[in-house]
Amino acid sequence: MSNLPAQSLWFIALLPPPDLQEQITQIKQDFCDRYQSRAALKSPPHITLYPPFRWPLATIAEVKTLLQNFAQTRSVFPLQLQGYGAFPPRVIYIDVLPSPALNLIRQDLLTALDQTLNLRDPRESQRPYRPHLTVAFRDLQRSHFHRAWSEYRDRPFQAEFQATHLTLLSHTQHRWICDQDFPLHR
């Protein structure tokens, strides 16, 4: 008899290359060390395409097949990160510059998940998409938020990378881990 749950939490994201992930993780660590915000360290740096959802482990292959087929129809595309942003009073993030390619891949992915797997999050269609890479959230206290935001709001940050794959992440033992990458067409 297995101890695995019947359903697990998953989400779909774009991850920057390892060197940029390391740089962003150091920023997350700074928030942990100086502002006691640890929650962002529980996942790799990422841009969310589809937020956390529950899916049965027994049929996760259906999601993976869809992602594999979807990714093969999409091309690699550039993304630019510039500066910091915030969703007061708890979230500070690295800003992703507007990208028609990112918006299109996300919208098409939402449509594919809905039409093929009947997977839809009603909140996603009701709010504007604001792509970002979170560096502090949830456990960032209001008093720490104001201090951290006054320090980071004008701090420079700039990076570019090619989005080369979609990543399915799973929630395991209080952390998000990369389950599988799905390469985009080159």
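Fair warning: this is a prediction, and the values are worked out from it, not measured in the lab. Just so you know, the residues in each chain are numbered from 1, in the order the chain's sequence is written. The model is predicted, so local features are restricted to residues of pLDDT at least 70 and side-chain atom pairs to those at 80 or more, both for listing and for counting; the totals for chains, interfaces and linings are taken over all residues. As a convention, hydrogens and water are excluded, and side-chain values are obtained from all of the structure's heavy atoms.

**Structural notes on the packing of helix α2 (residues 60–72) against helix α3 (residues 100–117)**
Inter-axis angles, ranging from 0 to 180 degrees, are taken between N-to-C directions of lines fitted to C-alpha atoms, where helices are fitted over the stretch in contact. To qualify as a helix, a DSSP run of H or I must reach at least 4 residues; to qualify as a strand, a run of E must reach at least 2; elements of each kind are numbered from the N terminus. Running from N to C, α2 and α3 point in directions that differ by 140°, and their axes come no closer than 11 Å. Compared by their axis directions, α2 and α3 come out oblique. As for the relative orientation of α2 and α3, their crossing is right-handed in sense. Judged by residue contacts, E62, V63, L66, L67 and F70 of α2 engage I105, D108, L109, A112, L113, T116 and L117 from α3. By residue class, the composition of the contact of α2 with α3 is nine nonpolar, one polar and two charged. For this classification, under 35 degrees means roughly parallel, over 145 means roughly antiparallel, 65 to 115 means roughly perpendicular, and everything else is oblique. Take the far helix as your reference; a near helix turned counterclockwise from it by less than a right angle gives a left-handed crossing, and one turned clockwise gives a right-handed crossing. Pairs of residues are marked as contacts when any of their non-hydrogen atoms sit within 4.5 Å. Classification used: nonpolar for Ala, Val, Leu, Ile, Met, Phe, Trp, Tyr, Cys and Pro, charged for Asp, Glu, Lys and Arg, polar for all others including Gly.

**Observations regarding unusual backbone geometry**
With an omega dihedral of 5°, the bond running from P88 to P89 counts as a cis peptide bond. Following the sequence through the fold, P89 ends up in the loop between β3 (77–87) and β4 (91–96). Positioned with a positive phi, R138 is a non-glycine residue whose angle comes to about 35°. In this structure, R138 sits in the loop between β5 (132–136) and α5 (142–152). Three labels apply to residues, based on accessible area from a 1.4 Å probe with only protein chains included: buried if under 20% of the type maximum, exposed if over 50%, partly exposed otherwise in between. Residue R138 is classed as exposed on the basis of its relative accessible area, which comes to 59%. In the Ramachandran plot, H174 falls in the positive-phi region, its phi being about 70° despite a non-glycine side chain. Relative to the helices and strands, H174 resides in the loop between β7 (165–172) and β8 (175–183). On the basis of relative accessibility, which here comes to 61%, the residue H174 falls in the exposed class.

**A look at the packing of aromatic side chains**
Aromatic rings from Phe, Tyr and Trp, taking only the six-membered ring of Trp, are treated as a pair when their centres fall within 6.5 Å; an angle between ring planes under 30 degrees marks them as stacked, one over 60 as edge-to-face, and anything in between as tilted. This structure, assessed with the given rule, holds eight aromatic pairs. On the basis of an interplanar angle of 45° and a centroid distance of 5.7 Å, the ring pair of F31 and Y35 is categorised as tilted. Of the two residues, F31 and Y35 both sit in helix α1 (residues 18–35), four residues apart, roughly one turn of that helix. The same class applies to F31 as to Y35, namely buried. Relative to Y93, the ring of F87 lies with its centre 4.7 Å away and its plane at 40°, an arrangement referred to as tilted.

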